[in-house]
Amino acid sequence: MRKIMLLNAKGGCGKSTLTTNLASYYAAQGKAVVIADFDRQGSSMEWLEARPQDRPPIRGIAAWRDSVRVPRSTDYVIMDVPAGTHGPDLTALVRRAQTVIIPVLPSPTDIRAAAHFIHEMLLVGKIVRDETRVAVVANRVRENSSIQNSMESVLNGMNINFSTLNTQIYHNLERFLSRLKIPFVTTLRESQNYLVADARGLGIFDLNRSQVTHDIEQWRPLLKWLDSKRSMPNPVN
Ligand SMILES: Nc1ncnc2c1ncn2[C@@H]1O[C@H](COP(=O)(O)OP(=O)(O)O)[C@@H](O)[C@H]1O
Ligand SMILES: [Mg+2]
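Calculation criteria
Residues numbered from 1 in each chain as written. Chains lettered and ligands numbered in written order. Predicted model: local features only at pLDDT ≥ 70, side-chain atom pairs only at ≥ 80, totals over all residues. Near = placed C-beta within 6 Å. Nonpolar A, V, L, I, M, F, W, Y, C, P; charged D, E, K, R; others polar. Core = buried A, V, L, I, M, F, W, Y, C linked by C-beta atoms within 7 Å. Buried ≥ 20, exposed ≤ 12 C-beta atoms within 10 Å, placed from the backbone. Helix = DSSP H or I, 4+ residues; strand = E, 2+ residues; numbered from the N terminus. Contact = placed C-beta atoms within 7 Å. Axes fitted to C-alpha atoms, helices over the stretch in contact; angles between N-to-C directions. Parallel < 35°, antiparallel > 145°, perpendicular 65-115°, else oblique. Left-handed = near helix turned anticlockwise from the far one by under 90°. Pairing = 2+ DSSP bridges. Right-handed = clockwise from strand over helix to strand, strands pointing away.

A. Region of interest: the site of ligand 1. Around ligand 1, the structure places 17 residues, and the nearest of them are Gly 11, Gly 14, Lys 15, Ser 16 and Thr 17. A per-class count over the shell around ligand 1 returns five nonpolar, eight polar and four charged.

B. Quick look at the nonpolar core. The biggest cluster of nonpolar side chains holds 56 residues, and the ones touching the most others in it are Ile 4, Met 5, Ile 78, Met 79, Ile 102 and Val 137. For this core, the leading source of residues is helix α1 (residues 15-28), giving six residues. If we skip the residues at most four places from it in the chain, Met 79 touches Ile 4, Met 5, Leu 6, Ala 36, Phe 38, Arg 96 and Ala 97.

C. Region of interest: the environment of Gly 201. Position of Gly 201 among the secondary structure elements: in the loop between α8 (192-199) and α9 (209-227). A residue is classified by how many C-beta atoms lie within 10 Å of it, and Gly 201, with 19 of them, is partly exposed. Those residues in contact with Gly 201 that sit more than four places away from it in its chain are Trp 47, Leu 48, Ala 50, Arg 51 and Pro 52.

D. Molecular detail of the packing of helix α4 (residues 108-124) against helix α7 (residues 171-179). Across the interface, α4 lies against α7 with an axial gap of 9 Å and an inter-helix angle of 15°. The angle between the axes of α4 and α7 places the two elements in the roughly parallel class. Relative to α7, α4 is oriented so that their crossing is left-handed. Contacts between α4 and α7 pair Ile 111, Ala 114 and Ala 115 from the former with Asn 172, Leu 173 and Phe 176 from the latter.

E. Highlighting the packing of α1 against helix α2 (residues 43-50). The interhelical angle for the contact between α1 and α2, taken along N-to-C directions, is 40°, at an axis separation of 9 Å. The angle between α1 and α2 places the two elements in the oblique class. The chirality of how α1 crosses α2 is right-handed. Taken together, the residues of α2 that come into contact with α1 (itself represented by Ser 16, Thr 19 and Thr 20) are Ser 43, Ser 44 and Trp 47. Within the contact of α1 with α2, the residues separate by chemical class into one nonpolar, five polar and no charged.

F. Just the pairing of strand β2 (residues 33-37), in detail. β2 sits mainly inside the fold: five of its five residues count as buried. Along β2, one buried face is formed by Val 33, Ile 35 and Asp 37 and the opposite face, lined by Val 34 and Ala 36, is buried too. Here β2 runs beside strand β4 (residues 76-80); their pairing, made up of five bridges, is parallel. Directly across from Ala 36, in β4, lies its bridge partner Met 79. Relative to strand β3 (residues 59-61), β2 is paired through three bridges, and the arrangement is parallel. Among the inter-strand pairings, Val 34 is bridged to a residue of β3, identified as Arg 59. Handedness of the crossover joining β2 and β3 through α2: right-handed.

G. Examining unusual backbone geometry more closely. Its identity as a non-glycine residue notwithstanding, Arg 140 has a phi of 60°, on the positive side. Checked against the element boundaries, Arg 140 lands in strand β6 (residues 133-141). Given 20 C-beta atoms within 10 Å, Arg 140 falls into the buried group. If you check the backbone angles, Lys 181 has positive phi at about 60° while not being a glycine. You can see Lys 181 is positioned in the loop between α7 and β7 (184-189).

This is the structure:
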């Protein structure tokens, strides 16, 4: 059974969005999927309520209230964790997961906060690589906004490549992560598709393919990493 957790002390970075999209992706692959929602705001549970009956079923557990008992036949447990989880609560939660995905928004403040959070999790929470694998995903990265377009043309005029600039936003985080051997697996753009899918109890993988081709491409490295041994803790000897 794969146990994947979406985690970050900051709210609004995409924990619930990544939870519901991963869950619907695996469900569409015919896997038995459970969402354990540890956030009493219950956004993942609300999404499940909106999910149409004719879609592959996903079970939900209100984990902030009920104990997490999943059927043995479960293939994937996706855990959505509330913002503001720190200290012993954080350590206890992380120990439930084999794999932790940390979505990070592309602002300097969010990136600094994420670095602090990862530091806390690994060093204070004594989370070790043998027990839990961690990866970072950049989320809501703006593409093709008019500001970006005009900036891009100014920068191009100065022979500076825009994508280099975008990479530089994350550069410090990347350096910090590579020291810790934590992969920065992918960048997901800011896209209406997430909002459209979310409102209907769906994931982007359920939308019209031509509409989401680019988003799905951005998910591939994450899905591949999750499928690989690299995202699994070492087996206990
Ligand atoms: N890649 C994205 N593109 C557009 N909107 C997004 C994206 N990721 C998240 N959102 C939106 O941002 C808001 C916060 O995301 P959410 O997943 O609820 O964050 P968290 O669970 O970490 O608090 C939601 O309204 C969500 O629909
Ligand atoms: Mg949430």
